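The chain contents come next:
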Amino acid sequence: MLDTDLSLQTADVQLAESSRRMIAYTACALLLIAPLSWFFVWRIVGVPVTALRRGTERLAAGDLGYQIDVQSKDEIGELADSFNGMSRQLQSEHNENVAWTRTLEQRVEQKTRELKRAHEHALHTEKMASIGKMAAVLAHEINNPLSGILTYAKLLRKWIDREELDRQKSGSEAGVRRYQEICDSLDLIASESRRCGDLVRNLLTFSRATPMNLQATDVNQVIDRSVRLMQHQLDLAGIQVQPQLDPALPHVLCDAAQIEQVLVALVVNAMDALPQGGNLWIISSASREDNCVRIVVRDDGTGIAPEILPHLFEPFLTTKETGRGVGLGLAISHSILERHNGSIEVQSEIGRGTTFTVTLPWDAEADTTASSPASEIAAAPSRR
Ligand SMILES: Nc1ncnc2c1ncn2[C@@H]1O[C@H](COP(=O)(O)OP(=O)(O)OP(=O)(O)O)[C@@H](O)[C@H]1O
Ligand SMILES: [Mg+2]
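Computed from a prediction, not measured in an experiment: that's the story for all the values here.

1. Quick notes on the pattern of salt bridges
Enumeration according to the criterion identifies nine salt bridges in this entry. Between Asp63 and Arg58 there is a salt bridge; the shortest N-O distance is 2.7 Å. Accessibility expressed as a relative area gives 36% for Arg58, which makes it partly exposed.

This is the structure we're talking about:
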C-alpha cells in the first residue's frame, strides 16, 4: 500500500480556477454569439417578414402594385416573389377595371347625349306637327276669303278705271283726286291681300300640305337661279356674292322650286344681316363618303345671339320689326329639308357672321349626269 500524503488543496484551487475561467469564457462566448445570432435571425427572417407585413398593409390601403425588395433565394424570397406577382396582377386588373369603367362612363354619357338629342328632336317634331296642323287649318280658312277679297279688289279697280276715264276728262279737280284716292286704296287692299296670300302659301309649305315634285336636279343651277333672282337687291344693298360651286356636283333628287325657296330665304336673311353691305359666300360641294351634297350660305353680317340659336328653326321666331319678318323663312326651310331627308344647320358668332349648311342626300341612282358643266355663276363675278 502506497501512502501518499498529497494535499488536494492546490488541485481544488486549480479546478475551481479553471471552472471559473470556463464559466467566464462561456459567458463571454454567449455574450458574443447571442447578438450575432440575433442579428442573423433579424437579417434573414425579421427584415423580409417586416417588409412582407408592410407590403400587405400598403396593399390593403389600396397601393396596388406595391413591390417588396427581397432578394433572398430561400422560402421567404419565394414568398416575397409571389407577393410581388399577386400585387402586379391586382394592379393590372385594377387598371383594366378603371379603363372599363371609363369606357362605360363614356358610353353612358354618349348614349345620354344621343337620348337627349332624340328627345329634343321628338319634342321639336311634335311641336312642329301641331303648329303645322294649326297652320294648315288656318291657311285653308284664310285662303278662300282672301282670294275673294283680291278678286273683288281687282274687279272694282277695273270698273272704276273704265267708268272714271270719261268722267276724268270733264270732271273737277276734287273728283280726280277722289278717284285717285279710291284707286290707291284698292291697290293697297290688293297688295296686302297678296302679302297674306304669300303668308298662307308659306304656312301651307310649312304644314307640308304642298306636294313635292322630286326630280334629278343640278343644285348649281338652282343656286344660280336663286342668286339671279336676288341679284338686283343684292347690288342695291352693296353685297358682294362670292360663289364657289363644285363643277362636278352630282345631281340630287329634290324639288328644285322648294330648294330655291330655301336658298332665297337664306339670301334674304343674309341681306337683312348686312345692312351696310358685305360678303355673301355660296359654296356647293359633294361628299361621296357621306353620299350627300352640301350648300353653304355664309355671310359676314351681324351674327345671331347665342340664346336665339337653339330656337332658330322654330316658326314665328323673328327679331325683325313687324311687317319685315314673320319668322317663317327658316322654319319652312327646315321643314322642306326634313321632307327631303336632308338637314339645315347653323353656326354663328355675333359681329362675325353666320353660316348655314344645307345638306341634301345624294342618291347615286338619281345622278344621271355625274359631271355636269359648271354653272355660269361659278366663273362669273358678282354684278355690282
Ligand atoms: N344670316 C343671318 N344673320 C343674322 N341673323 C339671322 C340670319 N338668318 C336668320 N337670322 C335670324 O333668325 C331669325 C329668323 O329667321 P327667319 O328667316 O325664320 O324669319 P325672318 O327672316 O325674321 O322672317 P321671314 O323669313 O318669315 O320673313 C331672323 O329674324 C334673324 O334674327
Ligand atoms: Mg327670313
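There's more to say after this.
2. Describing the site of ligand 1
Ligand 1 sits among 20 residues. The nearest are Asn269, Thr318, Thr319, Lys320 and Leu328. One of the backbone N or O atoms of Val326 is found 3.2 Å from an oxygen atom in ligand 1. Between ligand 1 and the protein, one listed contact pairs an oxygen atom with a backbone N or O atom of Gly329 at 3.2 Å. Protein contacts shield 88% of the accessible area of ligand 1, which totals 590 Å² for the unbound molecule. Across the shell around ligand 1, the residue classes break down as nine nonpolar, nine polar and two charged.

3. Overview of a positive patch on the surface
Together, Lys154, Lys158, Arg162 and Arg194 give the surface a local cluster of positive charge. Counting residues per element, the positive patch draws most heavily on helix H2 (residues 75-170), at three residues. Looking at the element boundaries, Arg162 is found in helix H2. Residue Arg162 is classed as exposed on the basis of its relative accessible area of 57%.

4. What about the sheet that holds strand S6 (residues 343-349)?
Pairing between the strands of a sheet is mediated by backbone hydrogen bonds and can be parallel or antiparallel. Taken in spatial order, the five strands line up as S2-S4-S5-S7-S6 in an open sheet, and their pairing is mixed. In this open sheet, the two strands that pair with only one neighbour each are strand S2 (239-245) and S6. If you compare each strand with its neighbour and ignore which way they point, the axes differ by 15° on average. Alignment of S6 against strand S7 (residues 353-361), held across seven bridges, turns out to be antiparallel. Note that in S7 the partner of Glu349 across the bridge is Gly353. Contacts from helix H4 (residues 219-236) reach S2, strand S4 (278-287), strand S5 (292-299) and S7, with the element oriented near 175° to S2. Sitting on the sheet, helix H5 (residues 256-272) is in contact with S2, S4, S5, S6 and S7, with an inclination near 20° to S5.

Scoring rules and cut-offs
Residues numbered from 1 in each chain as written. Chains lettered and ligands numbered in written order. Predicted model: local features only at pLDDT ≥ 70, side-chain atom pairs only at ≥ 80, totals over all residues. Heavy atoms only, no water. Salt bridge = Lys/Arg side-chain N within 4 Å of Asp/Glu carboxyl O. Buried < 20%, exposed > 50% of the residue type's maximum accessible area, 1.4 Å probe, protein only. Near = heavy atom within 4 Å. Polar contact = N/O pair within 3.5 Å; in protein donor to acceptor, adjacent residues only side chain to side chain. Areas by Shrake-Rupley, 256 points an atom, 1.4 Å probe, with all protein chains shown as cover. Nonpolar A, V, L, I, M, F, W, Y, C, P; charged D, E, K, R; others polar. Patch = residues over 30% accessible without salt bridge, like charges linked within 9 Å, V, L, I, M, F, W, Y side chains within 5 Å. Lys, Arg positive; Asp, Glu negative; His and termini not counted. Charge placed at Lys NZ, Arg CZ, Asp CG, Glu CD. Helix = DSSP H or I, 4+ residues; strand = E, 2+ residues; numbered from the N terminus. Pairing = 2+ DSSP bridges. Axes fitted to C-alpha atoms, helices over the stretch in contact; angles between N-to-C directions. Contact = heavy atoms within 4.5 Å.

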